[in-house]
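Listed here are the chains, written in short residue letters.
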Amino acid sequence: MRSELENTLLALLAIHPHASGYELHQVVEASTGHMLTASFSQIYPALKKLHDAELVEYDLEPIKNRPGKKRYALTETGETALQEWLASPIDYSRNLNQLDLRIPFIPLMPKEAALELLDAAIAEVETELADPRGTGRDPQSYGFVDEQAVDMEKLSYVWEAAAQRFRDSRIARLTWLRDFRAGIEQRFIS
């Protein structure tokens, strides 16, 4: 199974073919760096792993008095792996928001696959909003609060405020996803 970094590198190579490891690091920082950080010590081993799996290939660019610079490109197998990753179901239980990581690469997807991805994300947010655990239940109902050790009025206020923040952020995300989906529906031909 490939890591999110490896999948992101495949997508970036589809957009930036023949990039070096250094250039890919710069692109990660500029594009997906707010969601996925990667140092050189992570990028180069990931590229080696992708090369060993025959998902990328490289050409050596000669440099005077130094080893050549590797310029990476997707192989056909790498392109297939990229499309499989972009269309694969998202694991919402993970901390890293996999949807946010894929959104910049939606132009690489067929229109129907992009719409399916967004429909699944919309359904996930709707499920989150329907889940009573995110609706600000009384902290006492969880059974682990020591009422002698904490001011229950303050705790209830904070929990209700946090639950409201969760609901508001999910409603905003749902609105954005629906609007974004409508834009994809209108602007993408196929």
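Summarised in this report is the structure supplied together with it. All values derive from a computational prediction rather than experimental measurement.

Rules used throughout
Residues numbered from 1 in each chain as written. Predicted model: local features only at pLDDT ≥ 70, side-chain atom pairs only at ≥ 80, totals over all residues. Heavy atoms only, no water. Pairing = 2+ DSSP bridges. Helix = DSSP H or I, 4+ residues; strand = E, 2+ residues; numbered from the N terminus. Core = buried A, V, L, I, M, F, W, Y, C linked by side-chain atoms within 4.5 Å. Buried < 20%, exposed > 50% of the residue type's maximum accessible area, 1.4 Å probe, protein only. Contact = heavy atoms within 4.5 Å. Expected span 1.5 Å × (residues − 1). Phe/Tyr/Trp six-rings, centres within 6.5 Å; stacked < 30°, edge-to-face > 60°. Salt bridge = Lys/Arg side-chain N within 4 Å of Asp/Glu carboxyl O.

This part is about the pairing of strand 1 (residues 56-63). Taken together, the 7 bridges between strand 1 and strand 2 (residues 66-74) define a ladder with antiparallel strand orientation. Along strand 2, the bridge assignment pairs Leu-60 with Lys-70. Here strand 1 folds back onto strand 2, and the loop between the two strands holds 2 residues, one of which, Asn-65, carries a positive phi near 65°.

Another aspect to go through is the nonpolar core. In terms of nonpolar packing, the biggest core is built from 43 residues, with Leu-9, Leu-10, Leu-13 and Ile-106 touching the most fellow members. Secondary structure elements with two or more residues in this core: helix 1 (4-15), helix 2 (21-31), helix 3 (40-52), strand 2, helix 4 (76-87), helix 5 (98-102), helix 6 (111-130) and helix 7 (152-187). Sequence-distant contacts of Ile-106, defined by excluding residues within four places in its chain, comprise Ala-114, Leu-117, Leu-118, Phe-180, Ile-184 and Phe-188.

This part covers helix 3. An ideal rise of 1.5 Å per residue puts 18 Å on 13 residues; helix 3 measures up with 18 Å between its terminal C-alpha atoms. Structurally, helix 3 contributes buried residues whose contacts are with helix 1, helix 2, strand 1 and strand 2. Of the residues flanking the end of helix 3, it is Glu-54, one or two places downstream, whose phi is positive at about 65°.

As a further point, take the packing of aromatic side chains. Ring pairs (aromatic) are described by centroid distance and by the angle formed between their planes. Inspection of the entire model under this criterion finds 5 aromatic pairs. Ring geometry for Phe-40 against Tyr-44: centres 6.2 Å apart, planes inclined by 20°, an arrangement best described as stacked. With Phe-40 and Tyr-44 both in helix 3 and 4 residues apart, this pair spans about one turn of that helix. When its relative accessible area of 33% is taken as the criterion, Phe-40 is described as partly exposed. In this structure an aromatic cluster arises from ring pairing among Tyr-22, Phe-40 and Tyr-44.

With that out of the way, let us pick up the side chain of Ser-20. Note on placement: Ser-20 falls in the loop between helix 1 and helix 2. Sequence-distant contacts of Ser-20, defined by excluding residues within four places in its chain, comprise Lys-69, Lys-70, Arg-71 and Tyr-72.

Here we take up the pattern of salt bridges. Using the criterion set out here, one finds 10 salt bridges in the structure. Between Lys-111 and Glu-185 there is a salt bridge whose closest N-O contact spans 3.7 Å. Within this pair, whereas Lys-111 is found in helix 6, its partner Glu-185 is found in helix 7, the two being separated by 74 residues in sequence. In this structure, a network of salt bridges that share partners links the residues Lys-111, Asp-119, Arg-181 and Glu-185.

All right, on to unusual backbone geometry then. Unlike most non-glycine residues, His-18 shows phi in positive territory, near 65°. Mapped onto the secondary structure, His-18 falls in the loop between helix 1 and helix 2. His-18 gets classed as partly exposed once you look at its relative accessible area, which sits at 42%. In the Ramachandran plot, Glu-54 falls in the positive-phi region, its phi being about 65° despite a non-glycine side chain. In this structure Glu-54 comes out as exposed when scored by relative accessible area, which is 57%.

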